[in-house]
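One letter stands for each residue in the lines below.
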Amino acid sequence: MFSFLNKDQQTGEVAELQLDEQNIPAHIAIIMDGNGRWAQQRHLPRIAGHKQGMNTVKTVAMAASHLGVKVLTLYAFSTENWKRPTAEVNYLMKLPVDFFGTFVPDLVKNNIRVKVMGYTDQLPAATQKAVHDAIEDTKDCTGMVLNFALNYGGRAEIVTAVQSLAQQVQAGQLAPAAIDEDRLSQQLMTGDLGELRDPDLLIRTSGEERLSNFMLWQVAYSEFVFMDLHWPDFDQTTLEQAIYQYQQRHRRFGGLTN
Ligand code: IPE
Ligand code: IPE
Ligand code: MG
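Residues numbered from 1 in each chain as written. Chains lettered and ligands numbered in written order. Predicted model: local features only at pLDDT ≥ 70, side-chain atom pairs only at ≥ 80, totals over all residues. Heavy atoms only, no water.

Concerning the packing of helix α2 (residues 46-67) against helix α7 (residues 236-248)
Two numbers describe how α2 lies on α7: the axes approach to 9 Å, and their chain directions differ by 50°. Relative to α7, α2 is oriented oblique. When you trace α2 past α7, the crossing you get is right-handed. Seen from α2, the contacting residues are T59, V60, A63, A64 and L67; seen from α7, they are Q236, L239, E240 and I243. Partitioning the contact of α2 with α7 into residue classes produces 6 nonpolar, 2 polar and 1 charged. (Axes fitted to C-alpha atoms, helices over the stretch in contact; angles between N-to-C directions. Helix = DSSP H or I, 4+ residues; strand = E, 2+ residues; numbered from the N terminus. Parallel < 35°, antiparallel > 145°, perpendicular 65-115°, else oblique. Left-handed = near helix turned anticlockwise from the far one by under 90°. Contact = heavy atoms within 4.5 Å. Nonpolar A, V, L, I, M, F, W, Y, C, P; charged D, E, K, R; others polar.)

Right, dumping it as structure tokens:
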């Protein structure tokens, strides 16, 4: 049984809460938002928030792995984030180099395998190399999958999948009637995760309550938990709070609970 100290946001009351070990969400996806505002509140440049946010990724990856999470998907850079000032984009593109450069030995030690989903061929060469090396160095790990959404967009992902299916039809390898939900799921960037491909729990930090083009297809029946804190302030306890909220939900998938 995992227990943790929970502080009620309204009353400030502290209570020890217990997580049900049998009901840890297998796939958790997180929209890591609020780095810029975290920095601005401290009169720091936005990139200071991104740097702190990278440390949070390390903490949360370890915590999730210890809790028994099977897949942790983290939204690190969207296909729309290129709209930001060049200096910020350049900093964000350097982060994976720093992150994997220092963290891969810990990932291997904890049996965590790195996966990346997104249009990685559009990333700077150094970023592509860091990503490629991390995937290669952790390829034999059999524990949690740490899946980074990097230059990822949910709509673009669906368009790419549809193009690929259309090509298979054109080549005479696939009948249009054989295109079903499972076939499309397999074609998405999460297709290789098998039955773990759809998140059970989606968390967004920073108080925003929107998807911002994240995993549009895969979250059809995910439980959503929105948290007010900014990503650099997220930690093991807030992860446990989100899982605790998840465990209070009744997932029905359109049916009825007994
Ligand atoms: C999330 O933090 C990180 C990325 C989108 C790369 P933001 O940079 O969006 O921070 P806010 O939302 O502006 O505070
Ligand atoms: C979503 O956050 C993208 C990531 C966390 C990587 P944004 O900060 O880009 O989303 P919007 O612009 O507030 O919708
Ligand atoms: Mg944001």
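Notes on unusual backbone geometry
At H43, a residue that is not glycine, the phi angle is positive and equals roughly 55°. Its place among the elements puts H43 in the loop between α1 (35-41) and α2. Taking the relative accessible area as the measure of exposure, H43 reaches 75% and is therefore exposed. One non-glycine residue, N213, lies in the positive phi region at around 70°. (Buried < 20%, exposed > 50% of the residue type's maximum accessible area, 1.4 Å probe, protein only.)

A word on the sheet that holds strand β7 (residues 201-204)
Strand order across the open sheet formed by 6 strands is β5-β6-β4-β3-β7-β8, with parallel pairing between neighbours. Pairing within the sheet leaves two strands with one partner each, and these edge strands are β5 (113-117) and β8 (223-226). For this sheet, the mean inter-axis angle between neighbouring strands, taken without regard to orientation, is 20°. Where β7 lies against β8, 4 bridges are found, and the strand directions are parallel. Across the sheet, the residue bridging to L202 is F224, located in β8. Strands in contact with α7 are β3 (27-31), β7 and β8; relative to β7, the strand with the most contacts, it is inclined by about 135°. (Pairing = 2+ DSSP bridges.)

Quick word on the site of ligand 2
Around ligand 2 lies a shell formed by I31, M32, D33, Y75, A76, F77, N81, R84, R204, R210 and S212. Within the side chain of N81, a nitrogen or oxygen atom sits 3.0 Å from an oxygen atom of ligand 2. Between ligand 2 and the protein, one listed contact pairs an oxygen atom with a side-chain N or O atom of S212 at 2.6 Å. Protein chains shield 78% of the accessible area of ligand 2, which is 390 Å² for the free molecule. The element that contributes the greatest number of residues to the shell around ligand 2 is strand β4 (residues 71-78), accounting for 3 residues. Of the residues belonging to the shell around ligand 2, the class tally is 5 nonpolar, 2 polar and 4 charged. (Near = heavy atom within 4 Å. Polar contact = N/O pair within 3.5 Å; in protein donor to acceptor, adjacent residues only side chain to side chain. Areas by Shrake-Rupley, 256 points an atom, 1.4 Å probe, with all protein chains shown as cover.)

Quick notes on the pairing of β5
On a regular strand, one side chain projects to one face of the sheet and the next to the other, so that they alternate. Counted residue by residue, β5 has 4 buried out of 5 residues, so it is predominantly covered. Examined bridge by bridge, β5 and strand β6 (residues 145-152) share 5 bridges and lie parallel to one another. Pairing of K115 across the sheet is with N147, part of β6.

Details of α2
Taking 1.5 Å of rise per residue, 22 residues should cover 32 Å, and α2 covers 31 Å from first to last C-alpha, within 8% of that figure. One or two positions beyond α2, positive phi appears at G68, with a value near 95°. (Expected span 1.5 Å × (residues − 1).)

With respect to the site of ligand 1
Neighbouring residues of ligand 1: 13 residues in total, closest D33, G36, R37, R46 and R84. The backbone of G34 places a nitrogen or oxygen atom 3.4 Å from an oxygen atom of ligand 1. Within the contact set of ligand 1, an oxygen atom lies 2.7 Å away from a side-chain nitrogen or oxygen of R84. Protein burial of ligand 1: of its 380 Å² of free accessible surface, 87% is covered by the chains. Mapped by element, the contributors of at least two residues to the shell around ligand 1 are α1, α2 and α3 (86-109). The biggest single contributor to the shell around ligand 1 is α1, with 3 residues. Class assignment of the residues belonging to the shell around ligand 1 gives a composition of 3 nonpolar, 5 polar and 5 charged.

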